[in-house]
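Residues per chain, in single letters:
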Amino acid sequence: MQVTRANSNAQFLLDGNAYFARLHQSLDGVIAAGVGGNRFVRLAFWQIAPDAFLPGYGGGAGALLIDKLEAIARLGIRVEIIAWAGAQVLNNVVPEMKSGWKTRAWVQQVNNRNAGAGAYRPIQIYMESYGRRTFGMSTHQKIVVLSNGALKEAYVGGMNMAHKYLSSDVHDPENWWHDAAVRVTGLIVDDIEGEWVRRWNKQQALLAPAATIGVAGADPANLTITMMTTNSEANPAERDIRAGLQARIAAAANYVYLENYALTDPSIVEDLATFKQGGGTVIPVVNHPANTMMDGFEAFSYLMYYTYVELALADLNAFDAADSWRGRVGPLTNYVAAGVVGAHVDKAGYNPANMATLNPATSYSVAFNAGPGGAPRRIGLRYIWDITANNDVMFAPKTYRHNDPTKWTYPHSKVAIIDDQYVMVGTSNWTYRSMQYDGEITLEIDDGAFAQAVRAQLFAHWQMPGAAAAGGAVGVGAAWLLDATANQVAWTGNAFALSETRLVPLAFDDFIHPISREAWRKSFSSASLASIGSSFF
């Protein structure tokens, strides 16, 4: 689904403390309004846990989300929750998958406790199943829509409703979770609520289908906001987030900035490489592959090896490669850029029209002519043993810590900025599964002033002062590279302050090589991991 509305407005919320405190304020607005028409709270989350905490605002105290929801229900105001039911095999072993069921148990308890109490309106919760066409599908949207009767608003972003998503925007060892969201008002809110209603109405036991409540009034800020979704349950499947980002990359003139814990979607990476070959600046911020703050990141490190190589080939200096896996113990050939003509990455068998392409990344190869008029060559990306680009390729945060030298800030946000004009914020990771079949929602704000403000705030947050202060889109790329170099020099020179977080460039050796000893030692062989990863990550 893709819907564009004018007469809307957006507030960028950087990191969990800002998001949850602002949501706290909105919920208090519903409570202060009291009972009346068009008052409600509707939530939908991949993870919603009873421990979700709302920091205080304006000097006030914080509170648990569940306490606020109970207070609203006691006023007779509608509270409705959609929680992902999870996959049964995961529910037993992954704590996050148990959260929704714990919240369901709380709903039952609070409804029983308040039965017959005054105006109390029982809280409703729907444990939603999603996507039975591919193993591991999840409904990954994170939505709040609420109204105090006078103002209808919505929240969309990377944060789930759980305590661990709290974090200051000054990242240190205690505030290591990086995330982002937007609070929106105006006409687009009705469309976001419509997406929530569509999901709620999947329930077979409903006596009557739900509908949107009231009408969101036009916001005088008059920003243009587009809502896009990924939905594999639709017929045909909706993959509008990928299509929307691809369109912006194709039309970009200066820079494309993306941040998330991973960048692996084959179509997006290919478009970024094409943009880079045409002289554009690509700025991908991802989780550092060596970051040990989150367990189980090896699969993304493995897959982002292919991303790094493809983007490096688009700005090639030279690479060393062999014709087969024997290159690890045999001779390598050095290919310099001047002798690599018309290079392109061939992703044999990849078809984004399929629901989940079982396309091992081990089939990816670079095709080129060896010199002007030379013979065609084809080398598997897994047989490249070193590569250098003319400029830095990808970037990741590092946090200086005495006792935990590889526990750094984790970027969970799903943000893109294009040419100081477009900002995308949502729930969709820049990965194959989020682009292809998970249930996702992303908002695009089309406004130059908003985009420049987000760029300035976000880049300053990452200790990229030159790029943050750049006077326009034209100067962002060069300033970014200078800032990244300065940060790398500071890191290697032990010049980070204690607990300070900055972005640094990533290198080829930071990623798990597909046929390295490390990959085999971790039981992530080139065949098995790439087969799974290309389909399900």
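None of the values given here were measured: they were computed from a predicted structure.

### Description of empty space enclosed by the protein
Now for step 1: Taken as a whole, this structure holds two cavities of 30 Å³ or more when the rule is applied.
Now for step 2: The computed volume of the second largest cavity comes to approximately 30 Å³.
Now for step 3: Around the second largest cavity, the lining residues are E128, Y130, T139, Q141, E195, R198, R199, N231 and G439.
Now for step 4: No other element matches helix α5 (residues 188-200), which puts three residues into the lining of the second largest cavity.

### What about the nonpolar core?
Now for step 1: Counting residues in hydrophobic clusters, the biggest one holds 104 residues, and the most contacted among them are Y19, I123, M161, F319 and I387.
Now for step 2: Broken down by element, this core gets its largest block of residues, eleven residues, from helix α8 (residues 298-313).
Now for step 3: Dropping the residues within four chain positions of it, I123 is found in contact with L69, E70, A73, V79, I81, W106, V107, V110 and N111.
Now for step 4: Among the nonpolar cores identified, the runner-up in size contains 54 residues, and A154, I441, L443 and I445 belong to it.

### Here we look at the packing of aromatic side chains
Now for step 1: Under the defined criterion, the tally for this structure stands at 26 aromatic pairs.
Now for step 2: In textbook terms, an aromatic cluster arises when at least three aromatic residues are bridged by ring pairs, as seen for Y165, W176, W177, Y261, F300 and Y410.
Now for step 3: Over the face of the ring belonging to Y422 we find R248, whose NZ or CZ atom lies 3.8 Å from the ring centre.
Now for step 4: Its guanidinium or amino end placed over the ring of F496, R502 lies 4.8 Å from that ring's centre, counting from NZ or CZ.

### Description of the packing of helix α6 (residues 240-251) against helix α7 (residues 266-277)
Two quantities define a packed helix pair, namely the angle between the axes and the distance from one axis to the other.
Now for step 1: Where α6 meets α7, the closest approach of the two axes is 10 Å, and the angle between their N-to-C directions is 5°. Overall, the two elements α6 and α7 adopt an arrangement that is roughly parallel. On α7, the residues that touch R242, L245, Q246 and I249 of α6 are S267, I268, D271, L272 and F275.
Now for step 2: In the contact of α6 with α7, the residues fall into five nonpolar, two polar and two charged.

### Here's the deal with the sheet that holds strand β16 (residues 333-336)
Now for step 1: On the basis of which strands lie adjacent, the open sheet formed by three strands has the order β16-β15-β20 and antiparallel pairing. Each end of this open sheet is capped by a strand with a single partner; those strands are β16 and β20 (384-389). On average, each strand axis in the sheet is inclined to that of its neighbour by 10°, with strand direction left out of account.
Now for step 2: Across four bridges, the pairing between strand β15 (residues 316-321) and β16 is antiparallel. Residue pairing for β16: A321 is matched across the bridge by T333.
Now for step 3: Packed on one face of the sheet, α8 meets β15 and β20 and runs near 50° to β20.

### Focus on the sheet that holds strand β17 (residues 340-346)
Now for step 1: Reading across from one edge, β17-β18-β19 is the order of the three strands in this open sheet, with antiparallel pairing throughout. The open sheet has two free edges, formed respectively by β17 and β19 (376-380), since each of these has just one partner strand. Averaged over neighbouring strand pairs, the angle between their axes works out to 20° when direction is ignored.
Now for step 2: In this structure, strand β18 (residues 365-370) lies alongside β19, joined through five bridges in antiparallel fashion. Looking at β19, one finds that V366 is bridged to I379.

### Remarks on the side chain of D438
Now for step 1: Turning to its location among the elements, D438 is positioned in the loop between α9 (432-436) and β25 (440-446).
Now for step 2: Of the polar contacts made by the side chain of D438, one reaches the backbone nitrogen of S138; its length is 2.9 Å.
Now for step 3: Engagement of the side chain of D438 in a polar contact is seen with the side chain of R433, the distance being 2.6 Å.

### Notes on the pattern of salt bridges
Now for step 1: Taken as a whole and assessed by the stated rule, the structure comprises 20 salt bridges.
Now for step 2: Two residues, R78 and E80, come together in a salt bridge whose shortest N-O distance is 3.1 Å.
Now for step 3: By relative accessible area, R78 is classed as partly exposed at 24%.
Now for step 4: Across the pair K152 and D190 runs a salt bridge whose closest N-O atoms are separated by 2.7 Å. Remark: D190 occurs in helix α5 and K152 occurs in strand β8 (residues 152-157); sequence separation between them is 38 residues. Judged on exposure class, the residue K152 and its partner D190 are both buried.

Parameters at a glance
Every residue gets a number counted from 1 within its own chain, in the order that chain's sequence is written. Local features are withheld for residues below a pLDDT of 70 in this predicted model, meaning they are given only at 70 or higher, and side-chain atom pairs are given and counted only at 80 or more; totals for whole chains, interfaces and linings count all residues. Based on all heavy atoms of the structure, the side-chain values leave hydrogens and waters out of the count. Cavity means a closed set of points on a 1 Å grid over the protein atoms alone, one where a 1.4 Å probe fits but cannot get out, pocket means an open set with protein on both sides within 12 Å along at least 5 of 7 lines, and lining means a residue has an atom within 4 Å of a point. Grid points are joined across faces, edges and corners, and a volume is the space filled by probe spheres set on the points. Only DSSP runs of H or I covering at least 4 residues are called helices, and only runs of E covering at least 2 are called strands; the numbering of each starts at the N terminus. Side-chain atoms within 4.5 Å link the members of a nonpolar core, which is a set of buried Ala, Val, Leu, Ile, Met, Phe, Trp, Tyr and Cys residues. We call a residue buried when its accessible area falls under 20% of the maximum for its residue type, exposed when it is over 50%, and partly exposed in between, using a 1.4 Å probe and counting protein chains only. Only heavy atoms enter the contact rule, under which two residues are in contact if any of them lie within 4.5 Å. Two aromatic rings, drawn from Phe, Tyr or Trp (for Trp, its six-membered ring), form a pair once their centres lie within 6.5 Å of each other, and the interplanar angle then sorts them: stacked below 30 degrees, edge-to-face above 60, tilted otherwise. Over a ring means this: the NZ of a Lys or the CZ of an Arg is within 6 Å of the ring centre and within 35 degrees of the ring normal. Axis angles are defined between N-to-C directions and span 0 to 180 degrees, where every axis is a line fitted to C-alpha atoms and, for a helix, only to the segment in contact. An angle counts as roughly parallel when it lies under 35 degrees, as roughly antiparallel when it exceeds 145, as roughly perpendicular when it falls between 65 and 115, and as oblique in every other case. Throughout, the ten residues Ala, Val, Leu, Ile, Met, Phe, Trp, Tyr, Cys and Pro are labelled nonpolar, Asp, Glu, Lys and Arg are labelled charged, and all others, Gly among them, are labelled polar. Pairs of strands are assigned from DSSP output, requiring at least two bridges between the strands. Distance and chemistry together define a polar contact, namely a pair of N or O atoms within 3.5 Å, with one atom able to donate a hydrogen and the other to accept it when in protein, and with adjacent residues in sequence counting only for side-chain atoms on both sides. A pairing counts as a salt bridge when a side-chain nitrogen of Lys or Arg comes within 4 Å of a carboxyl oxygen of Asp or Glu.

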